[in-house]
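These are the residues of each chain, in order.
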Amino acid sequence: MSTYVITGGTTGIGAATRKLLQAQGHEVFNIDFKGGDYLADLSTQEGRQGAIDEVFRRYPDGIDVLICNAGVGPTAPPQMIFALNFFASVRIAEALRPLLKKKRGNCVITSSNSITNMTVRMDWVDMLSNVMDEERILEFVKDIPRTQTASCYSSSKHALARWVRRISPSWAVDGLRINSVAPGNTTTPMTQNMTDAQMDAALLIPIPTRYGRKEFLDAEEIANGIVFLASPMASGINGVILFVDGGIDALLRSERF
Ligand SMILES: NC(=O)c1ccc[n+]([C@@H]2O[C@H](COP(=O)([O-])OP(=O)(O)OC[C@H]3O[C@@H](n4cnc5c(N)ncnc54)[C@H](O)[C@@H]3O)[C@@H](O)[C@H]2O)c1
């Protein structure tokens, strides 16, 4: 039995991951702002620090796996998107790294397959990746109009995936692995309130493994990818962005890998 810490494990992809791990006999500690083992708003620095302190208190001998999964979708306010999707994952992973090191553990971060689409703003990605000053960046993004939140979302997830790639060699020196899953459109509370028009737009190109039917992936399919990357079966895998998107990335970017 291993000790897993997950953020955003209450609903959707996180809940499916938590249930799969518990069914395998692992201990899973869920940090979430609702229904968690520890309640915290991870979009705030205070919420994050409280959660980090609690993990150190509960697991002084270390943890095997950290799964940074909490996130908001592309309709959330820009500050929330950048604070939760990017800064919460990065700061929690950095803070809990010493506990992972004690067990030569690993970290899995939930990104998104939108990191490759046209909405990504590379200037915002560069700002997040290269400045990494949360207060200044959140001050800047408060002026982004709500019409551009899709770009905020894909850019926050692109910066996150880039951070995983950049940081992975230095984690490996400590005997640690860090990887990411990039889900495609998945049926979860995040996507369940989409209008028919939004749904049609999202499925303009049907997900290949859905064989042309107009439907999203299931949360369990993404959870399987996360659990695999976190497991000893993936011991040779580090710094990888695993697209769990039913083949959309391969369909649209066949020549890039
Ligand atoms: N559903 C999709 O189509 C899709 C696609 C690509 C990536 N993702 C990513 O997958 C991850 C999980 O999303 P989901 O689709 O399962 O949605 P979800 O809304 O069901 O899950 C999000 C989880 O994060 C928690 N959370 C939200 N705000 C929080 C906060 N401020 N502090 C602490 N916890 C908070 C929620 O309570 C929930 O448990 C997210 O990072 C999301 O960006 C989802």
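Rules and cut-offs
- Residues numbered from 1 in each chain as written.
- Predicted model: local features only at pLDDT ≥ 70, side-chain atom pairs only at ≥ 80, totals over all residues.
- Heavy atoms only, no water.
- Near = heavy atom within 4 Å.
- Polar contact = N/O pair within 3.5 Å; in protein donor to acceptor, adjacent residues only side chain to side chain.
- Areas by Shrake-Rupley, 256 points an atom, 1.4 Å probe, with all protein chains shown as cover.
- Helix = DSSP H or I, 4+ residues; strand = E, 2+ residues; numbered from the N terminus.
- Nonpolar A, V, L, I, M, F, W, Y, C, P; charged D, E, K, R; others polar.
- Pairing = 2+ DSSP bridges.
- Buried < 20%, exposed > 50% of the residue type's maximum accessible area, 1.4 Å probe, protein only.
- Right-handed = clockwise from strand over helix to strand, strands pointing away.
- Disulfide = S-S within 2.5 Å.
- Contact = heavy atoms within 4.5 Å.
- Expected span 1.5 Å × (residues − 1).

**Side note on the site of the ligand**
Taken together, 29 residues surround the ligand, and among them T11, I13, D32, Y153 and T188 come closest. One of the side-chain N or O atoms of T11 is found 2.6 Å from an oxygen atom in the ligand. Separating an oxygen atom of the ligand from a backbone N or O atom of N69 is a distance of 2.8 Å. Look at the ligand: alone it shows 820 Å² of surface, and the protein chains cover 95% of it. Every element with two or more residues in the shell around the ligand is listed here: helix 1 (12–23) and helix 6 (149–173). Looking at the shell around the ligand, its residues break down into 10 nonpolar, 15 polar and four charged.

**Details of the sheet that holds strand 4 (residues 65–68)**
The sheet built from seven strands is open, its strands ordered 3-2-1-4-5-6-9 with parallel pairing. Of all the strands in the sheet, the pair left with one neighbour each is strand 3 (38–39) and strand 9 (241–244). By the bridge criterion, five bridges tie strand 5 (residues 106–110) to strand 6 (residues 177–183) in an arrangement that is parallel. In the sheet register, C107 faces strand 6, and the bridge partner there is I178.

**Considerations on the pairing of strand 5**
Burial of strand 5 is extensive: five of the five residues sit out of reach of the surface. Residues of strand 5 alternate between two faces, with N106, V108 and T110 on one and C107 and I109 on the opposite face, all of them buried. For the crossover from strand 4 across helix 3 (residues 78–102) to strand 5, the handedness is right-handed.

**A few points about the state of the cysteines**
What we call a disulfide is simply a covalent bond connecting the sulfur atoms of a pair of cysteines. For the structure shown, the criterion picks out zero disulfides. The closest cysteine sulfur to the non-disulfide-bonded C68 is located on C107, 4.5 Å from its own sulfur.

**Details of the environment of A161**
Looking at the element boundaries, A161 is found in helix 6. Separated by 60 residues in sequence, A161 and E221 have C-alpha atoms that sit 20 Å apart. Contacts of A161, omitting those with residues within four sequence positions, involve S111, I115 and I241.

**Some words on helix 2 (residues 45–58)**
Given a rise of 1.5 Å per residue, 14 residues ought to cover 20 Å, and the 20 Å separating the end C-alpha atoms of helix 2 matches this to within 8%. Among all positions of helix 2, only G47, R48, G50, A51, I52, E54 and V55 are buried. Elements that come into contact with the buried residues of helix 2 comprise strand 1 (3–7), strand 2 (27–32), strand 3, helix 3 and helix 5 (134–141).

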